[in-house]
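# Structural overview for review
Residue-level listing of the chains:
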Amino acid sequence: MTADKQIESKLSSTEENKENMQEGGLGLEILQIIKESQQQHGLRHGDYQRYRGYCSRRLRRLRKTLGFKMGNRHKFVGKKITVEILSDSRYLLLVLMEAERAWSYAMQLKQEANTEPRKKFHLLARLRKAAKHSEKLEKLCESPRVDAKTKLEAQAYTAYLTGMVHFELQEWKLAMEAFNKCKTIYEKLASAFTEELAVLYRQRVDEISPNIRYCAYNIGDQNAINDLMQMRLTGGGGGMMAEKLETLITQARTKQAAMMSEVEWRGRTVPVKIDKARIFLLGLADNEAAIAQVSLLTHKLCRSGVSVTQAVNEETKEHLYETLLAECRDTIQAVREELKSEAKQRERSSDNESGKVSNLQFLHSYLTYIKLCTLVKRNESMAHTLQAKLKETGADENKRGPRPQDLIRLYDIILQSLAELSTLQGLEDDHTFQKEVSLKTLVYKAYRCFFIAQSYVLVKKWSEALVLYERVLKYAKEVQSKSKSLNNSLKDLPDVQELIAEVSAEKYSLQAAAILDTDEAPEEISQQQVKDNTPLCEHLDNFHLDKTLVGKHPNLVQFPPEFQPIPCKPLFFDLALNHVAFPPLDDKVEQKGKGGLTGYIKGIFGFGS
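Residues numbered from 1 in each chain as written. Predicted model: local features only at pLDDT ≥ 70, side-chain atom pairs only at ≥ 80, totals over all residues. Heavy atoms only, no water.

Within an unreviewed UniProt entry, the label attached to the chain reads Signal recognition particle subunit SRP68, and the organism entered is Gambusia affinis. Under the Function (unreviewed entry) heading, UniProt states for the chain: "Component of the signal recognition particle (SRP) complex, a ribonucleoprotein complex that mediates the cotranslational targeting of secretory and membrane proteins to the endoplasmic reticulum (ER). The SRP complex interacts with the signal sequence in nascent secretory and membrane proteins and directs them to the membrane of the ER." (UniProt positions renumbered as here; feature names shortened; annotations may be inferred.)

Structure (structure tokens):
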């Protein structure tokens, strides 16, 4: 609904000022409207069905507002929008929404066509329908009532959808011509209008560029494959181009992989028979070169202080690392499957070579080494970015940024990766490799310890922070003593000498802060006493300036009061009763006599009483 209100607000000025129509003409921000609608109604997450539903609802509201209904609920009466009735720019928006609805349905069918190939025919029909609506929009915009900018945008939109139709039909030459026309128009518009609109036009040009190069490659331009690989590495070619680029680059690398038969690492040559591993190892150099190029560009921008472009390059580098790690994981999984089958064959065979690492297992170790080293480099790059932000936040106290705890977590992951490196099969007896890993572990331990100390400084635990700074210096000096024999291993590591200088400066700052903190200690203690929750009745002899006593809820007495112990009522037990000897009572007891019948008669008549 927010997008609807924005669109209606853009069009309200045209509706209210119809008398000025001859001067300015009807106008419609075609690209801006469709981009905002797409981002707010599902396309941010690739949900084309939701966007299609929005287009249908928007069409219904527009027809109702304009009184342009297609009959009633009982009968359909078709109407066409002509130049004669073009008195409001919402008529142009009506045709635009019809084209967008057909296009979004086509993209939805494209997603479903991966599992149901028959839907490709329906997809082509909807794309043709979208192109037909866009052509209708372009013809309407040829009217003298429409301004020049809207005419150009309508031509570019039509060229884009026409190119999409030819692209799906694999008519590469026609598709390339349509995309080039669209690109030219948007480039001209970007140079003629404000920066806000120019950004939208340039984004559309970036979306079209992979399609143009893909068409050029299929026409026969072999140089386009290098551009496509570079665009794929830097995250370009999203949407419908992503799968085609992956397939194309895989095909190109497969042709080169046929010539690759072995790889050398740590002085051992290993044959590579798995196609997926060959393709990955061939593309490894390209990926690393792209990451190095982006890192160099980011470093230059960091020196020049261009923050926006620097953030974009950081995202590009992160995308490159994620792409490389995903490919590496898939390759390792393929090698594991081969290892399982090899293990079964070894169990069946009689000659079981125990103790020797097979070529396939050594290849698995090599790929795992690449994965872990890439993880270390990625986390180190993220740590450098966070360190720069941490220094900016320290300079500006009002700015909220990262904390030292975030860096501690990154260095924990790095140390975990290095611990896995030292346990790779086939490298247990490689003492040089083990020394390199232990040296890297010491370097990252020093950095991790440094940021733990920084976190203690923030909570004013001076003694703990000082001990940790001493531990950092210990690690750094140990690295310097061990690095004399391993000079080549330090070229990719952070500079330890800078860390030593920084720790020395931090120690002096820490000592000064600790001295200042001891001077302020009595004042802090008095504040703690003021904030004590002891009620007033318990410290009447001591004066404290407590503002809560004059507030709405003064702490005068403790209520309800606590229970106090009181003496209970005693219980008496007659313990001597069991030991008392009573005197004989025989003389007191009446004894019965032997009277017989005479006594019985006397008893009846009372003579014996």
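Here we take up the overall build of the chain. Summing up its helical and strand segments, the chain has 20 helices and two strands in all. The buried share of the chain, reckoned over its 609 residues, is 39%. Counted over contacts in the chain with a minimum sequence separation of 6, partners at least 24 positions apart contribute 66%. Per element, the accessible surface of the chain, about 38200 Å² overall, is 52% carbon and sulfur. (Helix = DSSP H or I, 4+ residues; strand = E, 2+ residues; numbered from the N terminus. Buried < 20%, exposed > 50% of the residue type's maximum accessible area, 1.4 Å probe, protein only. Contact = heavy atoms within 4.5 Å. Areas by Shrake-Rupley, 256 points an atom, 1.4 Å probe, with all protein chains shown as cover.)

Let's shift gears to the packing of aromatic side chains. Throughout the structure, instances matching the rule amount to 18 aromatic pairs. Ring geometry for Tyr-51 and Tyr-54: centres 6.1 Å apart, planes at 25°, overall stacked. With a gap of three residues between them, Tyr-51 and Tyr-54 both fall in helix α4 (residues 48–66), about one helical turn apart. Both residues of the pair, Tyr-51 and Tyr-54, belong to the buried class. Positioned above the aromatic ring of Tyr-105, the side-chain terminus of Arg-52 is 3.7 Å from the ring centre. Cation over ring: Lys-149 sits above Phe-193, and NZ or CZ is 4.6 Å from the ring centre. (Phe/Tyr/Trp six-rings, centres within 6.5 Å; stacked < 30°, edge-to-face > 60°. Lys NZ or Arg CZ within 6 Å of the ring centre and 35° of its normal.)

This next bit is on a nonpolar patch on the surface. Taken together, the side chains of Leu-556, Val-557 and Phe-559 present a nonpolar region at the surface, about 350 Å² in accessible area. Relative to the assigned elements, Val-557 resides in the loop between α19 (521–530) and α20 (596–605). (Patch = residues over 30% accessible without salt bridge, like charges linked within 9 Å, V, L, I, M, F, W, Y side chains within 5 Å. Salt bridge = Lys/Arg side-chain N within 4 Å of Asp/Glu carboxyl O.)

What follows is about the pairing of strand β1 (residues 262–265). Residues in a regular strand point their side chains to alternate faces of the sheet. The alternating pattern of β1 places Val-263 and Trp-265 on a buried face and Glu-262 and Glu-264 on a face that is not buried. Relative to strand β2 (residues 268–271), β1 is paired through four bridges, and the arrangement is antiparallel. Across the sheet, the residue bridging to Trp-265 is Arg-268, located in β2. Linking β1 to β2, which pair antiparallel, is a turn of two residues; within it Arg-266 sits at a positive phi near 55°. (Pairing = 2+ DSSP bridges.)

Moving on: the environment of Tyr-160. Along the chain, the position of Tyr-160 falls in helix α7 (residues 148–168). Here Tyr-160 falls in the buried class, since its relative accessible area comes to 11%. Taking the C-alpha atoms as reference points, Tyr-160 and Asn-180, 20 residues apart in sequence, are found 9.1 Å from one another. Excluding residues within four positions of it along the chain, Tyr-160 makes contact with Phe-179, Cys-182, Arg-204 and Ile-208.

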